Amino acid sequence: MKKIALLGLSLLFTLGSVAQESKTIKEAKKASIEKIEKNKKEAEKKKKELEEKVTKVKKDSKSKVDETSAKGKATASTSKAKAIAKQEEAKAKVDAKKTDTKAKVETKKAEAKTKVKKTEAEEKEDLKETAISRAAEKKVTDKVTGKYKGKKVFTGPRGGKYYINKNGNKTYID
């Protein structure tokens, strides 16, 4: 029983000594509270000054708006007429562009239909080997698996089939 009483008293004593604040801590808290209060007061002063400036600016802008609205009413009718004229001009331009583009599209379609098939001379020109294509074929380390349009067909490491065109580039085959 003595041990329990002793333990309880020692616990109360340690809690009491830990719970007390020192003078430096109290002074630091007071100083920080005072700083916070000063900052609040300064912020309130600045807020009031800004509100006063805003009200002055609003009054000035209202008077300017009133003056310009009087001038604006006189010019509003002329500006509406100008706006309508501009819209009509824009519509006319758009219509003209549409007709131009339609004509261009039709001519391009007609040209495309006539150019779908290459002539034999053009095909032979495509098949010609150049020094570049020959040099590129020498650099290729893939297997030769056949011919396509008179060119050697190579099979790549992942199974893709291609040939070297006249510019020396790989052209893949489906």
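Residues numbered from 1 in each chain as written. Predicted model: local features only at pLDDT ≥ 70, side-chain atom pairs only at ≥ 80, totals over all residues. Heavy atoms only, no water.

A.B. asks: Please provide a residue-by-residue account of the overall build of the protein, values included.
C.D. replies: Broken down by element type, the protein carries four helices and four strands. Ordered by position from the N terminus, the helices and strands of the protein form the series α-α-α-α-β-β-β-β. Out of the 174 residues belonging to the protein, those deemed buried represent 7%. Considering only residue pairs separated by 6 or more positions, the protein has 24% of its internal contacts joining residues 24 or more positions apart. (Helix = DSSP H or I, 4+ residues; strand = E, 2+ residues; numbered from the N terminus. Buried < 20%, exposed > 50% of the residue type's maximum accessible area, 1.4 Å probe, protein only. Contact = heavy atoms within 4.5 Å.)

A.B. asks: Kindly report on the nonpolar core, identifying the contributing residues and their values.
C.D. replies: Residues Ala136, Val140, Phe154, Tyr162 and Ile164 constitute the largest nonpolar core, which totals five residues. With residues up to four places along the chain from it excluded, the contact list for Tyr162 reads Val140, Asp142, Lys152, Val153, Phe154, Thr155, Gly156, Lys170, Thr171, Tyr172 and Ile173. (Core = buried A, V, L, I, M, F, W, Y, C linked by side-chain atoms within 4.5 Å.)

A.B. asks: Can you tell me about the side chain of Thr155, naming the residues and giving the values?
C.D. replies: Positionally, Thr155 belongs in strand E2 (residues 151-155). A distance of 3.1 Å separates polar atoms of two side chains, one belonging to Thr155 and the other to Thr145. Discounting chain neighbours no more than four positions away, the residues touching Thr155 are Asp142, Lys143, Thr145, Gly160, Lys161 and Tyr162. (Polar contact = N/O pair within 3.5 Å; in protein donor to acceptor, adjacent residues only side chain to side chain.)

A.B. asks: Give me the environment of Gly168: which residues, what numbers.
C.D. replies: On the secondary structure map, Gly168 appears in the loop between strand E3 (161-164) and strand E4 (170-173). Placed 35 residues apart in sequence, Gly168 and Ser133 show a C-alpha to C-alpha distance of 4.0 Å. Those residues in contact with Gly168, other than ones at most four positions away along the chain, are Ile132, Ser133 and Ala136.

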